[in-house]
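# Topology and contacts: notes
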Amino acid sequence: MEKLLVRGGNRLEGEIPISGAKNAALPLMIAALLTDETLTLHNTPRLADVMQLQKILGNHGADIMIAGKRAGQGRFTGETLRISAREIIDTTAPYELVSKMRASFWVLGPLLARCGEAKVSLPGGCAIGTRPVDLYLQALQRMGAEIEVEGGYVVARAPKGRLNGAHVMFPKVSVGATHVVMMAATLAEGETVIENAAREPEVADLAECLVKMGAQIEGIGRSTLRIQGRERLHGAEHSIVADRIEAGTYAMAAAMTDGEVLLRGARAEHLSAFIDVMAQAGIEVREVDGGLAVRRANGEMRAVTVETQPHPGFPTDLQAQLMALMTRAQGVSSIRETIFENRFMHVQELVRLGADITLMGDTALVKGVASLKGAPVMATDLRASVSLVIAALAAQGETEIHRLYHLDRGFEALEEKLSAVGADIERVAA
Ligand code: EPZ
C-alpha cells in the first residue's frame, strides 16, 4: 500500500503536459474488437484502467503490442498500442474482469455486432451511484438483439447472426450507451439513427476513429448520429484526444495555489463550460499556442453557482475538484450534481481538511474558509481523490492521502507532473 504526502503552500508554476484521455482510450481500445485487422492507438495514457482493459481484450483473443512512443515524443506523451483481434476466441466477459472496471461492460456492443452473440457480466453499482444498464439493453433490443439477464450476466444474441439498424431515442444522455450503440451500429445491417446521443469529446473521438476504420457516421459531435452499417471494418491508426478532465483538474490545482501554468495540449473547445465557470470565479483560462494558460485574474477567487450537465455543460468529472477549489473562494458556492446520485463522498474528507460544506440533497453549499489544514484523508473514487490533492496543495502543513489505487486508475504520473511545477508531493509506503 502506498500513500501520498502533500505539503501545501507552494505556488505551481510552469508547464504541465496533458495526457491522452482515459475515457477516450477505453472505448477506442474496445473498438478494436470490431475488426480482424490491427487498430493502432497513439497517445495512450499509462493507467491502471488501460492495463485492466488489456487483460479483458486478451481474454476475447486480442493480441496487444505496446510499441512504445513515437520518435521525438516527450516523457508524458503516452504509448502506442497495437491491438489485433484477428479472431474472437471467447464471447464471454466474466464477472472477475468486468467487476473491476465498469467500462469493460462496453465489449457487449462489438462482440454482439461482430459475432452475433455475447455474454457479459453486469457491471453492478459502484461508489458514485447505482449506474444501471437499461438504456444499453433497450437500444440493442431495438436493433434486433434477444437479451436475457441471468445469473448476473447479460446474455445477448442477434438471431440472424447480425444486428439490424434501428431508430434509437435515448430518454437520458448516456456516454457509455452511446459508445456501445454506435459501435454496434457500424456492423449492423442498414441505418441506425441515435437521438439524444452523448456529445462528449470522447464520443466524437471514438466516432472519428470508427470512420477511419471504414464506418460511415454522420453528425459527429452532435446529438443525432446517423450510422450506415458495413459488412466489415478494417484496421486504422488514431491518436487519442487530450484529456479535458486532467486539464481542468490541473487548471484548478494551479488556481488553488495562486500559480500560473501552461497546460500543454489542452483544448479550449472541449472545456467551454468549465472556462466560463473559472471566469466567474476570477480565474483566467486563455487559449495560447500549444494549449491553455491559467492564472488568477486578480488574486482573489469568488464563489460560483454550478450544476453538472452532460457535455457541453459542466462535467460531473470536474465537480469534486471544483468543490475543493471553492473551499478557498470568497463567499458561498452552490454546486449541484445532476448526473450521479452519490457523487459527494469527497465532502467528508474535505471537511477533515477544514472545509465548510453543507449538503442539501443533490446540492453542496461550500463556504470559503480562510485556510485549510493538512490531515490524513482517504480517496474514495477517482475524481474525489484528486480533489483531495487540490485541497492539500493549499492546506497548511502535511496531508496524507490514502487508497491511491483510485488515483492510479485515471491520472498518469500525477506526482511527477505536479512536482515538476513546484508542488511538494511524494508517494511513500503507507
Ligand atoms: C462515463 O460513464 C464516464 N466513464 C464517467 O467518468 C463520467 O462521469 C460519465 O460518463 C458521465 O460523463 C467513462 O467514460 C469510462 P453515463 P458512463 O452512462 O458512461 C444513467 C470517471 O471518473 N444511466 O453517461 O457510465 C447513469 O446512472 C468516470 O472517469 C442510466 O440510467 O456514464 C447516470 O446517472 C466516472 N441507464 C447517467 O445515466 C443506463 O443504461 C449518465 O451516465 C446508463 C446510464
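For the structure itself, consult the block above.
### What to know about the pattern of salt bridges
This model, assessed by the stated rule, comprises 27 salt bridges. One salt bridge connects Asp362 with Arg336, and the closest N-O pair in it is separated by 2.9 Å. Linking Asp362 in the loop between β20 (356-360) and β21 (363-367) with Arg336 in strand β19 (residues 332-336), this pair joins segments that are 26 residues apart in sequence. Judged by its relative accessible area of 31%, Asp362 is partly exposed. In this structure, a network of salt bridges that share partners links the residues Glu2, Asp408, Glu415 and Arg427.

### A closer look at the side chain of Arg383
For Arg383, the position within the fold is in helix α12 (residues 382-394). Buried within the structure, Arg383 lacks any salt-bridge partner; Asp317 is the closest side chain of opposite charge, at an N-O distance of 4.2 Å.

### Brief notes about the pairing of β21
Sheet topology places β19 next to β21; 5 bridges connect them, and they run antiparallel. Bridge pairing in β21 places Val332 opposite Lys367. Pairing geometry for β20 and β21, over 5 bridges, is antiparallel. Within β21, the position partnered with Leu359 by the bridge is Ala364.

### Looking at the state of the cysteines
Scanning the entire structure with this criterion turns up 0 disulfides. Counting only cysteine sulfurs, Cys209 is the nearest neighbor of Cys115, a cysteine outside any disulfide, at a range of 19 Å. By relative accessible area, Cys115 is classed as partly exposed at 29%. For Cys209, a relative accessible area of 0% translates into the label buried.

### Structural notes on the sheet that holds strand β13 (residues 224-228)
In a beta sheet, neighbouring strands are held together by backbone hydrogen bonds and run either parallel or antiparallel to one another. Spatially, the 4 strands line up as an open sheet ordered β10-β11-β13-β12, and their pairing is mixed. Looking at which strands have only one partner, the edges of the open sheet turn out to be β10 (167-169) and β12 (216-218). Between one strand axis and the next, the sheet turns through 15° on average, direction left out of account. Pairing analysis gives 3 bridges linking β12 to β13, with the strands arranged antiparallel. Each residue of the ladder has a partner; that of Ile217, found in β13, is Ile227. Those strands touched by helix α6 (residues 175-186) are β10, β11 (191-195), β12 and β13, and its axis lies near 25° from that of β13.

### Considerations on the side chain of Ser19
Relative to the elements of secondary structure, Ser19 occurs in the loop between β2 (13-17) and α1 (22-31). Judged by relative accessible area, which is 2%, Ser19 ranks as buried.

### Things to note about helix α7 (residues 201-212)
With 12 residues, α7 should cover 16 Å at 1.5 Å per step; its first-to-last C-alpha distance of 17 Å lies within 8% of that length. Most of α7 sits inside the fold, with 9 of its 12 residues counted as buried. Buried residues of α7: Pro201, Glu202, Val203, Ala204, Asp205, Leu206, Ala207, Cys209 and Leu210, and no others. Buried residues in α7 make contact with α1, β3 (38-44), α6, β12, β14 (236-239) and α8 (244-256). Two residues or fewer past α7, Gly214 is found with a positive phi of approximately 105°.

### Quick word on the sheet that holds strand β17 (residues 291-296)
Taken in spatial order, the 4 strands of this open sheet run β2-β15-β17-β16, and their pairing is mixed. The sheet is open, and its two edges are formed by β2 and β16 (283-288), each paired on a single side. Neighbour-to-neighbour, the strand axes of this sheet turn through a mean angle of 20°, independent of strand direction. Relative to strand β15 (residues 260-264), β2 runs parallel, the two being bridged by 5 bridges. Counted as the bridge partner of Glu13 is Glu260 from β15. Lying on the sheet, α8 is in contact with β2, β15, β16 and β17; it crosses β15 at an angle near 170°.

What counts as what
In this numbering scheme, every chain counts its residues from 1 along its sequence in written order. Only residues with pLDDT of 70 or above have their local features reported here, since the model is predicted, and side-chain atom pairs are shown and tallied only from 80 upward, although totals for entire chains, interfaces and linings are computed over all residues. Neither water nor hydrogens contribute to the side-chain values; these are computed over all heavy atoms in the structure. Basic side-chain nitrogens of Lys or Arg form a salt bridge, by our definition, when they fall within 4 Å of a carboxyl oxygen of Asp or Glu. A run of DSSP states H or I qualifies as a helix once it reaches four residues; a run of E qualifies as a strand once it reaches two. Both are numbered from the N-terminal end. Remark: exposure states derive from per-residue accessible area (1.4 Å probe, protein chains only) relative to the maximum for the residue type, with buried under 20%, exposed over 50%, and partly exposed in between. His is not counted, nor are the chain ends; Lys and Arg add positive charge and Asp and Glu add negative charge. Any two strands with at least two DSSP-identified bridges between them are counted as paired. Pairs of cysteine sulfur atoms within 2.5 Å are identified as disulfides in what follows. Structural elements are reduced to axes, namely lines fitted to C-alpha atoms, with helices fitted over the stretch in contact, and the angle between N-to-C directions of any two is expressed from 0 to 180 degrees. Note on contacts: a residue pair qualifies if any of its non-hydrogen atoms lie within 4.5 Å across the two residues. A helix's residues, less one, multiplied by 1.5 Å, set its expected span.

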